[in-house]
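One letter stands for each residue in the lines below.
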Amino acid sequence: MGIKASLSRKIFLVSNSIFLLLVALLCIAPFINLLAVSFSDKVAVAAGEVTFFPVGFTTISYQFITNTSKFFMSLLVSIKRTAIGVPLNLLLIILTAYPLSKAKEDFGARSIFSWFFVVTILFNAGLIPTYMVVKSTGLMNTIWALVLPGALPVFSMLVVMNYMRSLPKELLEAAYMDGASHVQTLIRVVLPVSIPTLATVTLFSFVDHWNSWFDGMIYMNKIQNYPLQTYLQTVVVNPEEFIRNNTDLSGNLSKYLSMVSARTTGAAQMFLAMIPILCIYPFLQKYFTTGLVMGSVKE
């Protein structure tokens, strides 16, 4: 029986490993295909000859996108936006979620303020009123037009608020009995055990700021103020017009028009935009599987 059980266990482990490997390959395959397309000749891509390996290897798509000073200017705008926006999001999320996580006995107006934020998810004034507010406050063509309108992500705030509500009351009461104030309790007790949730909303905020392109197109009137995604969107949608309007590339107009296509530049754009996400995700991924309150209260 022991030998049969051991054999069955080995068969299960091998089968499970093969299945998970196939699932992983299915998830990775589209990215490999995009990478191959970005390094392939546009004729081979148009003919459907590219699968997982480049055909007619070339880096012209990346040269097309990066061979201009405006690319690096837009990259700097996105870095500034992320460096300002993510900490601001986290600060407002924490300062809003903590008081709203209190019981009604401790914060009688909790429900009123909670619904005040929930309503903003259910009802939206729309693009035109938001644009008018940004314009009337003098934020057009500034980095603050990209940061302040979404300074408090309500969905992420609700996630953190619900997590803080789930914390054992004994944990907070012990801090209060030791003479800790609300600020000390928040900084020394609540935030340390909230790291997995905060890491998750940090990733959400980072991805949202980095991948956003529409607000840059709406609130920025000059291409040098475009964030990276807005700049790359203009490249992918109409590469011919982009070249003609770009003095850095106008001398090589015929060269680029004959060697790039919307598919190859689109694939290159996706990978350029994914690099920061791929760099930051491994450092935050470990928190997704960590126990949220494990070890915070011991009996």
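Quick summary incoming for the structure in this document. (Residues numbered from 1 in each chain as written. Predicted model: local features only at pLDDT ≥ 70, side-chain atom pairs only at ≥ 80, totals over all residues. Heavy atoms only, no water.)

Below, the discussion takes up the side chain of Ser40. With respect to the secondary-structure elements, Ser40 resides in the loop between α1 (2-38) and α2 (42-46). Residue Ser40 is classed as buried on the basis of its relative accessible area, which comes to 1%. Side-chain polar atoms of Ser40 contact the backbone oxygen of Ala36, separated by 2.5 Å. Each residue touching Ser40, except ones within four places of it in the same chain, is listed here: Val45, Val50, Phe53, Pro54, Val55, Gly56, Thr58 and Thr264. (Helix = DSSP H or I, 4+ residues; strand = E, 2+ residues; numbered from the N terminus. Buried < 20%, exposed > 50% of the residue type's maximum accessible area, 1.4 Å probe, protein only. Polar contact = N/O pair within 3.5 Å; in protein donor to acceptor, adjacent residues only side chain to side chain. Contact = heavy atoms within 4.5 Å.)

Our next topic: the environment of Ile93. Looking at the element boundaries, Ile93 is found in helix α4 (residues 69-100). Sequence separation of Ile93 and Val160 is 67 residues, and the distance between their C-alpha atoms is 7.5 Å. Sequence-distant contacts of Ile93, defined by excluding residues within four places in its chain, comprise Leu152, Pro153, Ser156, Met157 and Val160.

A cluster of nonpolar side chains, namely Trp115, Val119, Ile121, Leu122, Phe123, Phe155 and Phe204, defines an oily patch on the protein surface of about 800 Å² accessible area. Broken down by element, the nonpolar patch gets its largest block of residues, 4 residues, from helix α5 (residues 110-122). In this structure, Trp115 sits in helix α5. (Patch = residues over 30% accessible without salt bridge, like charges linked within 9 Å, V, L, I, M, F, W, Y side chains within 5 Å. Areas by Shrake-Rupley, 256 points an atom, 1.4 Å probe, with all protein chains shown as cover. Salt bridge = Lys/Arg side-chain N within 4 Å of Asp/Glu carboxyl O.)

So, about the nonpolar core. By size, the foremost hydrophobic cluster in this structure holds 28 residues, and its most contacted members are Ile65, Phe71, Val134, Ala145, Trp210, Tyr231 and Leu232. Broken down by secondary-structure element, the contributors of at least two residues to this core are α3 (60-66), α4, α7 (144-147), α11 (195-211), α13 (228-237) and α16 (262-288). Looking at this core, the element that brings in the most residues is α16, giving 5 residues. Setting aside residues up to four positions removed in sequence, Ile65 forms contacts with Phe71, Tyr231, Leu232, Val235, Thr265, Ala268, Gln269 and Leu272. Among the nonpolar cores identified, the runner-up in size contains 23 residues, and Ala97, Met161, Tyr163 and Val201 belong to it. (Core = buried A, V, L, I, M, F, W, Y, C linked by side-chain atoms within 4.5 Å.)

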